[in-house]
Amino acid sequence: MPMPMQAVLIICVLTIVSSGFGLLGLWYPLFSVVLFVVLLFAGICLFLYFCKDFLTQLRFGAFHYLLFLMFVFTVFFHSIGILVPETGFDALWYHLPLIQEYSTQHALVHDEQFYQSLYPQYGDGVLLLGYISLGVIGAKLVSFIFFLILSLTVYAWLRRKLSVGDALLGALVVDLFQVVSWQSSSAYVDVISAVFFLWSVEYFFLEKKESGLSIHFFTAALATGVFLGTKFINLGFLPLYVLLSFFHILMKSRDKSVQRQISELILFWLVTVSLALPWYLRSWWFTGSLIYPIGTIYAVPVIAQMGVIGWKEWIMIRVQSIWQLPFEFFFRNDGYVTPLLLLFSLVLLMKKSWSRELFLGTLTGGYGLFFWYFFPPPSTRYVLGPVIVFWIVMYQAIIHFFQKRLVWVRFIRLLCVLNVMMFLLVRVFVTTRSVPYLLHWENQQQYLDRFRNGFLDEKIDAWYSKSAKERTRAL
C-alpha cells in the first residue's frame, strides 16, 4: 500500500510554516487555529485511507477480527491520556511552559530561564497549534494525531510486501512500544520526530525510484530537514544520512546515471540544510555555540552524575562493556521495546543474500543502537525512529524467510499476538489510574497527588500553579 504522499507533504509543509510563523512573530490565534484544522484534516484523511485499505482487504476470519479489535482497543486506551492532566516530566518542565510563553508572545522567544528555548523548535511549533486552539488538551491531541500517523506509516511500509493482517500486526507491535504508548497522548516531541525520520529514510529504501524529481523526493527532503530541526540530539544522525546517501549512489538503479543521482542528492541536502540550519544559527546568535544546550549544559552534567570524569572516560567504559549492549537495550532499558526484535534479527544469520532494504535497515538499526549505547544517558526516545525501521525490516525478513513454511509463519504471528496482548494489558492497567478522574470521583489535585514521587513534585507544582495564575490573569 503506497503512502498517500500528498497528505504527508501537507503535514511537512504545515510543520515548517507553523515554526516560520513563530520566527516571524505571527503566532496569532486565527493563523494557528487554521493550521490546526488543516493538521486534523490531513490526519483524518490518512486514517481513513488506512481504514479503507484494511477493510477492503480484510478476510473476515478469527485472526483478522482479533487484529481489528486489538487495534481498536489500542487506539482507545492510548487516547484516554488526552483527557487527563499532563504528568510527563519534560512536558511539565519545559515543553508546556515554553509553548505557553510562545503563545503569549505570539513568537519564538529566547527565555533565559529555559535553555531548552534554544532547541530546534519544529516539534514544539506544531504542538503549539493545538495549545493555542484547545489548550493543553489540544497539544496532547496533536501528539495523538502523530501517533496515528506513525501507526499508519509503519503499516503502509509493511504493506508493500506483506499481507494486510501481517502488516497490521507489525504496526500494533510498534504502537505498544513503551515510548510510543506513553507519548501518544503527552506533550512530547519524540513520536513526532520518529514520524519525520521514517518519512525521510524511506526514500533511500525504495528499490524502484520514480523518474524525475518526484513528490516522494521532495517530501523526504522536507522530512529530513524537519527531523534535524526537531531535536538537537537528532544532529547525531547526520553520519547515518551521509551513509544512506553514499549507498543510494552505490546501489544505483538502472534508469539513472550516477551524475544524475549525485545532482539529486545535492538538491536533497540543500533543501534539508536550509530547513534545519536556522535553528542552529539561532543558538549561535544567542550563545555563540551552534549546539549550546547539548554541549555545555546537558551532556557534561549527565556524565558527571554517572560518576565519570569526561567524554573519553565515558566512551572507554562503554567500549569495554559493549558486549552487554543487547542485554542492556532489550532487558534493562527504560524505554522498553520488544525482545522479539532481538529474536527476529537472528534471520540475518540465516539469509544467504541481503536485499537493499534489509541491508539499509540493518545499517539504520545498528547505527541507532550504537548511538543509544554511547550517548548519555541511554534512552530509547533518542533512537525511536531507527529502532522502528529496524523492527520493520526484521519483521518483513522473518516472514519472508519462512513464507513457504506455514507452521513457522503461524508461530511468528502467535509470538507477535502474545506480545501485543501482554502490552495491551499493561496499557489497560495504566489507564485504570485515570478512571476516577474521568468519572469525577476525584478532582485534578487528587489525581496529581497520586503521581508525586519526590522526582516530579517540583514540576507539577511549578506548572499547575503557573497555569492557575495565567487563567486568573485571563479572567
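Throughout, a residue's number is its position along its own chain's written sequence, starting from 1. Totals for whole chains, interfaces and linings use every residue, but because this is a predicted model, local features are given only for residues with pLDDT of at least 70 and side-chain atom pairs only at 80 or more, for both listing and counting. Think of the side-chain values as coming from all heavy atoms in the structure, minus any hydrogens and water.

**A closer look at the overall build of the chain**
Labels follow the DSSP assignment, with helices taken as runs of H or I lasting at least four residues and strands as runs of E lasting at least two, numbered in each case from the N terminus. Per the secondary structure count, the chain includes 23 helices and zero strands. Across the 475 residues that make up the chain, the buried fraction comes to 56%. Contacts are assigned to residue pairs that have any heavy atoms within 4.5 Å of one another. Contacts in the chain between residues at least 24 apart in sequence constitute 78% of all its contacts with a sequence separation of at least 6. Here the accessible surface of atoms and residues is derived via Shrake-Rupley with a 1.4 Å probe, and residues count as covered only by protein chains that are part of the display. Element-wise, carbon and sulfur atoms account for 69% of the exposed surface of the chain, whose accessible area totals about 20900 Å². Each residue gets one of three labels from its accessible area relative to the maximum for its type: buried under 20%, exposed over 50%, partly exposed in between, using a 1.4 Å probe on protein chains only.

**A short note on a nonpolar patch on the surface**
For patch building, the residue pool is restricted to those with more than 30% relative accessible area and no salt bridge; the joining distance is 9 Å between like charges and 5 Å between nonpolar side chains (Val, Leu, Ile, Met, Phe, Trp, Tyr). Salt bridges are counted wherever a side-chain nitrogen of Lys or Arg sits within 4 Å of a carboxyl oxygen of Asp or Glu. Where nonpolar side chains cluster on the molecular surface, the patch consists of Val-273, Leu-277, Leu-281, Trp-284, Trp-285, Phe-286, Leu-290 and Ile-291 and spans about 800 Å² of accessible area. Note on Val-273: relative accessible area 40%, which makes it partly exposed.

**Side note on the confidence of the model for the chain**
Per-residue confidence from the predictor is reported as pLDDT, a score between 0 and 100. Residue-level pLDDT values for the chain average 86, and 89% of them are 70 or greater. Counted against residues more than four places away or in other chains, residues 471–475, with its pLDDT under 50, gives zero contacts.

**Focus: the side chain of Ser-151**
The topology assignment puts Ser-151 in helix α6 (residues 136–159). On the basis of relative accessibility, which here comes to 4%, the residue Ser-151 falls in the buried class. What Ser-151 contacts, discounting residues up to four positions off in sequence, is Phe-71, Ala-171 and Asp-175.

**As for unusual backbone geometry**
Despite not being glycine, His-106 shows a phi value in the positive range, around 60°. Checked against the element boundaries, His-106 lands in the loop between α4 (89–105) and α5 (122–134). By relative accessible area, which is 24% here, His-106 ends up partly exposed. Of note in the backbone geometry, His-440 takes a positive phi value of approximately 60° without being a glycine. Owing to a relative accessible area of 71%, His-440 belongs among the exposed residues under this scheme.

**Remarks on the nonpolar core**
Grouped together as the largest cluster of nonpolar side chains are 156 residues, with contacts concentrated most on Phe-146, Phe-177, Phe-196, Trp-199, Ile-388 and Trp-391. With 15 residues, α6 is the largest single contributor of residues to this core. Here, the term nonpolar core denotes a set of buried Ala, Val, Leu, Ile, Met, Phe, Trp, Tyr and Cys residues that are joined through side-chain atoms within 4.5 Å.

**Remarks on the packing of aromatic side chains**
Stacked, tilted and edge-to-face pairs are distinguished by plane angle, under 30 degrees for stacked and over 60 for edge-to-face with tilted covering the rest, among Phe, Tyr and Trp rings (Trp via its six-membered ring) whose centres lie within 6.5 Å. The tally for this structure, following the rule as stated, stands at 51 aromatic pairs. Judged by centre distance (5.2 Å) and plane angle (70°), the ring pair of Phe-246 and Phe-247 falls under edge-to-face. Look at Phe-246 and you get partly exposed, because its relative accessible area is 48%. Here Phe-247 falls in the buried class, since its relative accessible area comes to 17%. The criterion for a charge sitting over a ring is simple: Lys NZ or Arg CZ within 6 Å of the ring centre, and within 35 degrees of the ring normal. It is Arg-318 that lies over the ring of Tyr-373; its NZ or CZ is 3.8 Å from the centre.

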